[in-house]
Amino acid sequence: VNGTNDEDLQVFREQKDYQYADIVVVRDYAEKYFTEHIHAAGDEVRYVIDGTGYFDIRDVNDEWVRMHARAGDFVEFPSGIEHRFAVDDNLYIQAMRLYPGDGEPDWSSVSRSEVHGNNTSRNEYVDKYLCGVDPDLEDHHDDPDDHHDDPDNHSDPDDHNDPDDDHS
């Protein structure tokens, strides 16, 4: 499988207008891929041609979700999602990067530490998938049930005192 003989991939490329494709090969740990970042110019779309590696993305609880990608796997996630990539113990992956249209793609990235609510792509992602609550922003005071930053709230979230619960 090299990407050009995969009929499903070809159909997908035609449906989504992914005219641009290039091949990236990673043979070792690369800090530039593993530093958590977003892409503002479009969805992250990869087709694994050979080798294996890990794509990590953040879930709605701001926890890592790790996907182990292998030859023949197709990976797509939306613009604005925080993610990172690393090869696994095999230290090799060859993947096709896909981009819509026939123009020159914008592969630029912004590290998570530089976003701080001022990135249109990230803001659109937060609105669409995270109900408007960006875990990167410290001010969550719009949520009346959020007491994480309330200095007067000394309750233990793990304290489940139920008056009907008999512990004797």
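Not measured: the values here are computed from a predicted model. (Residues numbered from 1 in each chain as written. Predicted model: local features only at pLDDT ≥ 70, side-chain atom pairs only at ≥ 80, totals over all residues. Heavy atoms only, no water.)

### Side note on the confidence of the model for the protein
Part 1 of the reasoning: Confidence along the protein averages 80 in pLDDT terms, with 79% of residues attaining 70 or more.
Part 2 of the reasoning: No element of the protein has a lower mean pLDDT than strand E8 (residues 110–111), at 85, and none a higher one than strand E4 (residues 64–70), at 97.
Part 3 of the reasoning: pLDDT under 50 marks residues 140–168. Its contacts with residues more than four places away, or in other chains, come to seven contacts. (pLDDT = per-residue confidence, 0-100. Helix = DSSP H or I, 4+ residues; strand = E, 2+ residues; numbered from the N terminus. Contact = heavy atoms within 4.5 Å.)

### Quick word on the pairing of strand E3 (residues 44–58)
Part 1 of the reasoning: The buried fraction of E3 is high, at 13 of 15 residues.
Part 2 of the reasoning: In this sheet, strand E5 (residues 74–77) lies alongside E3 in antiparallel orientation, the contact comprising four bridges. The residue bridging Val 45 from the neighbouring strand is Glu 76, located in E5.
Part 3 of the reasoning: The pairing of E3 with E4 spans seven bridges and is antiparallel. Bridging from a neighbouring strand, Phe 55 pairs with Met 67 of E4.
Part 4 of the reasoning: Connecting E3 to the antiparallel partner E4 that follows it, the hairpin turn spans five residues, and Asp 62 within it adopts a positive phi of roughly 65°.
Part 5 of the reasoning: Here E3 runs beside strand E6 (residues 83–87); their pairing, made up of five bridges, is antiparallel. Residue pairing in the sheet places Asp 56 in a bridge with Arg 84 of E6. (Buried < 20%, exposed > 50% of the residue type's maximum accessible area, 1.4 Å probe, protein only. Pairing = 2+ DSSP bridges.)

### Examining helix H3 (residues 120–129)
Part 1 of the reasoning: When we look at burial in H3, the residues that qualify are Ser 121, Arg 122, Tyr 125 and Val 126. Projection of H3 onto a plane perpendicular to its axis shows the buried side chains occupying an angular sector of 135°, all on one side. The exposed set on the far side of H3, more than 90 degrees from its buried face, consists of Thr 120, Glu 124, Asp 127 and Lys 128.
Part 2 of the reasoning: Elements in contact with the buried residues of H3: strand E2 (37–38) and E3.
Part 3 of the reasoning: Two to three positions downstream of the cap, the backbone nitrogen of Ser 121 sits 3.0 Å from a side-chain oxygen, assigning the N-cap of H3 to Asn 119. (Arc of directions from axis to C-beta. Polar contact = N/O pair within 3.5 Å; in protein donor to acceptor, adjacent residues only side chain to side chain.)

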